[in-house]
Amino acid sequence: PPEWTADATLGTRLFDETLTLGGRVTYVGDRPASSSNRDSGGYTTLAIWDHYTLVDFFATYEVNENLSLDVNVDNVLDAYYMDALNTGLMPSPGRTFRASFTYNF
């Protein structure tokens, strides 16, 4: 795992708490381990990643008691990064938009 991480979320509720707006910043530090595999007999290789910072935005609008709309934008700055706990060499997704409706009945 990374040597250290930091996460901050800030949000607000507006219009009689029907609209929620917010953002999150996540920082993940470097991996403290070496990329050398000499202690494992050469059979394993550590995935190496650089530190990275992610910025996300989110909003929820409650249309009424039963219906709400959620919108998220993850990785707003479109950072290229390898997820800190990923054991493969597949990069994580870039900027991602998601929207959903929730209806309770």
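See the structure printed just above.
Here's a quick rundown of the structure.

Quick notes on the rules
Residues numbered from 1 in each chain as written. Predicted model: local features only at pLDDT ≥ 70, side-chain atom pairs only at ≥ 80, totals over all residues. Heavy atoms only, no water. Core = buried A, V, L, I, M, F, W, Y, C linked by side-chain atoms within 4.5 Å. Buried < 20%, exposed > 50% of the residue type's maximum accessible area, 1.4 Å probe, protein only. Contact = heavy atoms within 4.5 Å. Helix = DSSP H or I, 4+ residues; strand = E, 2+ residues; numbered from the N terminus. Polar contact = N/O pair within 3.5 Å; in protein donor to acceptor, adjacent residues only side chain to side chain. Pairing = 2+ DSSP bridges. Axes fitted to C-alpha atoms, helices over the stretch in contact; angles between N-to-C directions. Salt bridge = Lys/Arg side-chain N within 4 Å of Asp/Glu carboxyl O.

On to the nonpolar core, then. Grouped together as the largest cluster of nonpolar side chains are seven residues: Val-28, Trp-49, Tyr-52, Leu-54, Tyr-81, Met-82 and Ala-84. Among all residues touching Val-28, those that are not within four sequence positions of it are Pro-2, Trp-4, Thr-5, Trp-49, His-51, Tyr-52 and Ala-84.

A positive phi angle is found at Glu-17, which is not glycine, with a value near 65°. On the secondary structure map, Glu-17 appears in the loop between β1 (5-14) and β2 (19-28). Of note in the backbone geometry, Asn-75 takes a positive phi value of approximately 55° without being a glycine. Residue placement: Asn-75 occurs in the loop between β4 (67-74) and β5 (96-103). Classification of Asn-75 as buried rests on a relative accessible area of 3%.

Checked against the element boundaries, Asp-56 lands in strand β3 (residues 52-62). For Asp-56, the side chain forms a polar contact with the main-chain nitrogen of Asn-75, separated by 2.8 Å. Setting aside residues no more than four positions away along its own chain, Asp-56 makes contact with Gly-22, Gly-23, Arg-24, Val-73, Asp-74, Asn-75 and Val-76.

Of the strand pairs in this sheet, β3 and β4 are connected by six bridges, and their pairing is antiparallel. Within β4, the position partnered with Thr-60 by the bridge is Asp-70. Two elements, β4 and β5, share eight bridges in a ladder whose sense is antiparallel. When the bridges of β5 are listed, Leu-69 appears paired with Phe-101.

A word on the sheet that holds β1. Hydrogen bonds between backbone atoms are what pair the strands of a sheet, whose relative direction is either parallel or antiparallel. The strand order across the open sheet formed by five strands is β1-β2-β3-β4-β5, and the pairing between neighbours is antiparallel. Bordering the open sheet on either side are β1 and β5, each of which pairs with just one other strand. Within this sheet the neighbouring strands show an average axis-to-axis angle of 10°, counted without direction.

Under the defined criterion, the tally for this structure stands at two salt bridges. Its salt-bridge partner being Arg-24, residue Asp-56 comes within 3.3 Å of it at the nearest N-O pair. Of the two residues, Asp-56 is situated in strand β3 and Arg-24 in strand β2; the sequence distance between them amounts to 32 residues. Taking the shortest distance from any N to any O, the salt bridge between Arg-98 and Asp-74 comes out at 2.7 Å. Here Asp-74 lies in strand β4 and Arg-98 lies in strand β5, a separation of 24 residues in the sequence. With a relative accessible area of 44%, Arg-98 lands in the partly exposed category. Residue classification places Asp-74 among the buried residues on the basis of a relative accessible area of 19%.

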